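Geometric and topological summary
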Amino acid sequence: QENEIKLLTAEIERLKNFGCLGVSPSLEGLRDENAKLKYRLNFLRKSLQEERSKTAKSMININSCLQEIFGAAIQAAYPDLENPPLVVTPSQQPKFGDYQCNSAMGITQILLKTKEQKVSPREIAEKISKNIPANECIEKVEIAGPGFINVHLRKDFVSKQLSSLLMNGVQPPAVGKRKKVVVDFSSPNIAKEMHVGHLRSTIIGESMCRLFEFAGYDVLRLNHLGDWGTQFGMLIAHLQDKFPDYLTVSPPIGDLQAFYKESKRRFDTEEEFKKRAYQCVVLLQSKNPDFIKAWELICDVSRKEFQKIYKCLDITLIERGESFYHDMMKDIVKEFEDKGFVQVDDGRKIVFVPGFPVPLTIMKSDGGYTYDTSDLAALKHRLYEEKADILIYVVDSGQSVHLQTVFAAGQMIGWYDPKVTRVAHAAFGVVLGEDKKKFKTRSGDTVRLIDLLEEGLKRAMDKLKDKERDKVLTAEELKAAQTSVAFGCIKYADLSHNRLNDYVFSFDKMLDDRGNTAAYLLYAFTRIRAIARLANIDEQMLRKAAREEVLILDHEKEWKLGKCILRFPEILQKILEDLLLHTLCDYLYELATTFTEFYDNCYCVEKDRQSGE
């Protein structure tokens, strides 16, 4: 932007000499070359000003700053090295300073391999240290052990960052151009109830959306419902038999799960019914109005059930099921055919993708489409129509090979370049019971999600009553505490585990107020709020103090807390890159325990013994 401003300013100066100035930027004037240039210049200046003011208010990523400093030092010390390793991490113990640069060991290996020079890591660390450029954040560096560079931060630098944070609020570092992120998550099947398997996709997906929104991205949250396909044939045929007047009288399908089971039993045992079910699929796919009405009725019943769960868990989604992409599938098949990627196998149209053993089936022998076709259509629509810069699929690990094949097919046909557009599968493991086996009911059925949420509410209320909260809270406050604890604990238990691993579902562990749990964090948060209430200090007073006074970090526990608070942008950057949200949970737990240490050592509020104030 700065370069373009310079060029435009020079161009306007040049036009001035031709006497072209003085045109007002009205619509007519905008046609004039000079006015266009001035208009663009003003726009750029304004946007650069906004960007700068936002950046000035944003939190600084200290780790990134240190990487820049050490990057410059390594470049100055070893100008001939290409892509030298740059490793900067927070120190695990205070005696090793605040951060560590561990690049010297890696550089030793490179010098040995590429230049056959044998230099000790300690010698390299000393050379890097001597070339550290002037900066505002490093107090001193020390070389320890085989070549670790221990970094001590300047107290006035940390103090300044904390004051800025108090004045401006928690502003994440600016992301530059506002990128579009599409997140595909939850995605249950119509006519089937949401079960515990949908819990992880729903919670992880919602949290990823909130993360990208918080960081300033434009986020589209998509629910890729299973709302199209052969199962609708049997459901519609069963609907016609059970409620023949469904077109005029709304059928009372309360229990859709039972309705689904009945139609499936008939499909498996009655040959005549099976034939009709297949005919119903054909009529539905050819958009026969009566069959579309039946389909919509079934979808509406499911939607209402899903919505109850989304409301409990505070989930926001835009529904865009497989049916949305149905009309695009014909063109997808044609595009793959035109580019010579299609082979015919026993009447099916298949596509082999290099590096993947199982081909994609994009058309069945009866002319119908498959999940492969709808997933390809969805991928193309999200890239071309939604213009996504980042695409995230929050789907279980079992779908990994399928999704990687679809992504690779999209690259093969030229829809996107992975260097430009990020398409990621945020995979997750299964939910296990406390016996470490797949989470089931006593009768061996899959656990219904609504039952699980109701059990959570019941357990949360028992816990609150054990602690006699019902005696001090109003009925309304008790209800709010119950839902916060129940749903907060269910979400946090999922998010605090590495999503790639399977995780054991245990209400007892979730509701324990010791350790890294939502119950502990809610307790820590409540305690902090209580201190603020007791001290009778509001945000305005804090901001005024931050503007007028210098924050002094003398006590080791307040120094530790100050540094911990400022690590937030580093955590944010890490989870935006690897999409592993448990890192944020670990950080929050560390922040809460660090605050507790600080509070136990440095009193924030004390009672006056005489007045009791």
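Residues numbered from 1 in each chain as written. Predicted model: local features only at pLDDT ≥ 70, side-chain atom pairs only at ≥ 80, totals over all residues. Heavy atoms only, no water.

**So, the overall build of the protein**
Inclusion rule: Put simply, DSSP marks the helices as runs of H or I at least four residues long and the strands as runs of E at least two long, and each gets a number from the N terminus on. Each residue's exposure class comes from its accessible area (1.4 Å probe, protein chains only) as a fraction of the maximum for that residue type: buried when under 20%, exposed when over 50%, partly exposed otherwise. Pairs of residues are marked as contacts when any of their non-hydrogen atoms sit within 4.5 Å. Here the Shrake-Rupley method, with its probe set to 1.4 Å, supplies the accessible areas, and only the displayed protein chains count as covering residues. Residues scored as charged are limited to Lys and Arg (positive) and Asp and Glu (negative), so that His and the chain ends carry no count. A charged residue contributes its charge at one atom only: NZ of Lys, CZ of Arg, CG of Asp or CD of Glu.
When its secondary structure is counted, the protein shows 23 helices and 14 strands. Across its three principal axes, the protein shows a C-alpha extent of roughly 85 × 80 × 65 Å. The burial tally for the protein puts 44% of its 613 residues in the buried class. In the protein, the proportion of contacts linking residues at least 24 apart, taken out of those at least 6 apart, comes to 71%. Put simply, the protein shows about 33,700 Å² of open surface, and 52% of that area lies on carbon and sulfur atoms. Charge separation in the protein, taken as the distance between the mean sites of 88 positive and 90 negative side-chain charges, equals 1 Å.

**Describing helix 15 (residues 400-412)**
Rules: A helix is expected to span 1.5 Å multiplied by its residue count minus one.
An ideal rise of 1.5 Å per residue puts 18 Å on 13 residues; helix 15 measures up with 18 Å between its terminal C-alpha atoms. For helix 15, the full list of buried residues reads His402, Leu403, Thr405, Val406, Phe407, Ala408, Ala409 and Gly410. Against helix 13 (329-338), strand 10 (360-363), helix 14 (371-384), strand 11 (390-393) and strand 12 (422-425) lie the buried residues of helix 15. Note on helix 15: the residue one or two positions beyond its end, Gly414, has a positive phi of about 90°.

**A short note on the sheet that holds strand 3 (residues 138-144)**
To be explicit about the condition: Note: two strands are recorded as paired if DSSP finds a minimum of 2 bridges between them. Convention adopted: a line fitted to C-alpha atoms gives each axis, helices being fitted over their contacting stretch, and angles between N-to-C directions are expressed from 0 to 180 degrees.
Judged by pairing direction, the sheet is antiparallel, and its four strands sit side by side in the order 1-2-4-3 without closing on themselves. Edge positions in the sheet fall to strand 1 (88-90) and strand 3, since each has one partner strand and no second. Adjacent strand axes in the sheet meet at a mean angle of 25° when their direction is disregarded. As judged from the three bridges shared by strand 2 (residues 99-101) and strand 4 (residues 148-153), these two strands associate in the antiparallel manner. The residue of strand 4 that forms the bridge with Tyr99 is Val151.

**Notes on the packing of aromatic side chains**
Selection rule: Paired rings are identified among Phe, Tyr and Trp, the last through its six-membered ring, by centres lying within 6.5 Å, and are further divided according to the angle between planes into stacked (under 30 degrees), edge-to-face (over 60) and tilted (the rest). Only when the NZ atom of a Lys or the CZ atom of an Arg is both within 6 Å of the ring centre and within 35 degrees of the ring normal do we say a charge sits over the ring.
Counted according to the given criterion, the structure contains 15 aromatic pairs. Relative to Phe505, the ring of Tyr503 lies with its centre 6.5 Å away and its plane at 55°, an arrangement referred to as tilted. Chaining the aromatic ring pairs together yields one cluster made of Phe214, Phe568 and Tyr587. Sitting over the ring of Trp559, Lys155 keeps its end group 5.2 Å from the ring centre.

**Section: the pairing of strand 12**
So the rule is basically this: Orient the strands so they point away from the viewer, and a crossover whose first-strand-to-second-strand path over the helix runs clockwise is right-handed.
Pairing geometry for strand 11 and strand 12, over four bridges, is parallel. In the sheet register, Ile392 faces strand 12, and the bridge partner there is Ala424. As for the winding sense of the linkage, the β-α-β connection from strand 11 through helix 15 to strand 12 is right-handed.

**Details of the nonpolar core**
Put simply, the rule reads: We call a set of buried residues a nonpolar core when its members are Ala, Val, Leu, Ile, Met, Phe, Trp, Tyr or Cys and they connect through side-chain atoms within 4.5 Å of each other.
Ranked by size, the top nonpolar core spans 125 residues in total, and within it Leu66, Leu199 and Phe505 carry the most contacts. Ranked by residues supplied to this core, first place goes to helix 12 (residues 289-313) with twelve residues.

**Focus on the UniProt feature "domain: DALR anticodon binding" (unreviewed entry) in the protein**
Which entries qualify depends on this criterion: UniProt positions are given in the numbering used here, feature names are shortened, and annotations may be inferred rather than shown by experiment.
Here, the residues flagged by UniProt with the feature "domain: DALR anticodon binding" (unreviewed entry) are residues 521-611. Measuring from the first to the last C-alpha atom of residues 521-611 gives 33 Å, for a span that is 74% helix and 0% strand.

**Examining the domain arrangement of the protein**
Rules: Residue ranges for the domains originate in an automatic or database domain assignment.
Under the domain assignment used here, the protein contains domain 1 (1-53), domain 2 (62-153), domain 3 (180-226 + 321-428) and domain 4 (230-315). Placing a centre on the C-alpha atoms of domain 2 and another on those of domain 3 gives a separation of 43 Å.

**Let's talk about unusual backbone geometry**
Phi at Asn83 is positive, roughly 45°, even though this residue is not glycine. Its place among the elements puts Asn83 in the loop between helix 4 (62-77) and strand 1. A positive phi angle, near 60°, is found at Asp314, a position not held by glycine. Tracing the chain through its elements places Asp314 in the loop between helix 12 and strand 7 (318-319).

**Regarding the sheet that holds strand 9 (residues 348-351)**
Spatially, 8-9-10 is the arrangement adopted by the three strands of the open sheet, whose pairing is antiparallel. Two strands in the sheet have a free side with no partner beyond their single neighbour: strand 8 (342-345) and strand 10. In this sheet, adjacent strand axes meet at a mean angle of 40° when their direction is disregarded. Where strand 8 meets strand 9, four bridges bridge the pair, whose relative direction is antiparallel. Looking across to strand 9, one finds that Val344 is bridged to Lys349.

**Points about the side chain of Asp372**
How we decide: When a carboxyl oxygen of Asp or Glu lies within 4 Å of a side-chain nitrogen of Lys or Arg, that pair is called a salt bridge.
By the secondary structure assignment, Asp372 is in helix 14. It turns out Asp372 is buried and unbridged, and the closest side chain with the opposite charge, Arg348, is 7.5 Å from it. Setting aside residues up to four positions removed in sequence, Asp372 forms contacts with Pro359, Leu360, Thr361 and His402.

**A look at the packing of helix 13 against helix 14**
Quick reminder of the rule: Oblique is the label for any angle not covered by the other classes, which are roughly parallel (under 35 degrees), roughly antiparallel (over 145) and roughly perpendicular (65 to 115). Under this grouping Gly is polar, as are all residues other than the nonpolar Ala, Val, Leu, Ile, Met, Phe, Trp, Tyr, Cys and Pro and the charged Asp, Glu, Lys and Arg.
Where helix 13 meets helix 14, the axes come as close as 9 Å, and the angle between the chain directions of the two elements is 90°. Classed by the angle they form, the pair helix 13 and helix 14 counts as roughly perpendicular. In this structure, helix 13 contributes Met329, Ile332, Val333, Glu335 and Phe336 to the contact, and helix 14 contributes Thr373, Ser374, Leu376, Ala377 and Lys380. Partitioned by chemical class, the residues of the contact of helix 13 with helix 14 number six nonpolar, two polar and two charged.

**With respect to the pairing of strand 4**
For strand 4, the tally of buried residues reaches five of six residues, placing the bulk of the element in the interior. Sheet analysis places strand 3 next to strand 4, joined by six bridges and oriented antiparallel. The partner of Val141 across the bridge, within strand 4, is Val151. The hairpin formed by strand 3 and strand 4 contains three residues between the paired strands, and Gly145 there has a positive phi angle of roughly 55°.

**Remarks on a nonpolar patch on the surface**
For clarity, the cut-off: For patches, a residue must show more than 30% relative accessible area and have no salt bridge; joins then use 9 Å for like charges and 5 Å for nonpolar side chains, namely Val, Leu, Ile, Met, Phe, Trp and Tyr.
Together, Leu166, Ile537, Met541 and Leu542 give the surface a local cluster of nonpolar side chains, amounting to about 330 Å² of exposed area. Take Ile537: it is sitting in the loop between helix 19 (518-535) and helix 20 (539-548). On the basis of relative accessible area, Ile537 is assigned to the partly exposed category, the value being 43%.

**Concerning the environment of Glu386**
Put simply, the rule is: As used in this structure description, the phrase polar contact means that two N or O atoms lie within 3.5 Å; if the pair is within protein, one of them must be able to donate a hydrogen and the other to accept it, and residues adjacent in sequence are counted only when both atoms belong to side chains.
Tracing the backbone shows Glu386 in the loop between helix 14 and strand 11. Among residues more than four places away in sequence, those in contact with Glu386 are Lys180, Val182, Leu220, Arg320 and His381. There is a polar contact of 2.8 Å between the side chain of Glu386 and the side chain of Arg320.

**Some remarks on the pattern of salt bridges**
Scanning the model with the defined rule gives 41 salt bridges in all. A salt bridge links Asp98 to Lys563; the shortest N-O distance between them is 2.6 Å. Within this pair, whereas Asp98 is found in the loop between strand 1 and strand 2, its partner Lys563 is found in helix 21 (residues 556-566), the two being separated by 465 residues in sequence. Note on Asp98: relative accessible area 9%, which makes it buried. Relative accessible area serves as the criterion here: at 19%, Lys563 is assigned to the buried category.

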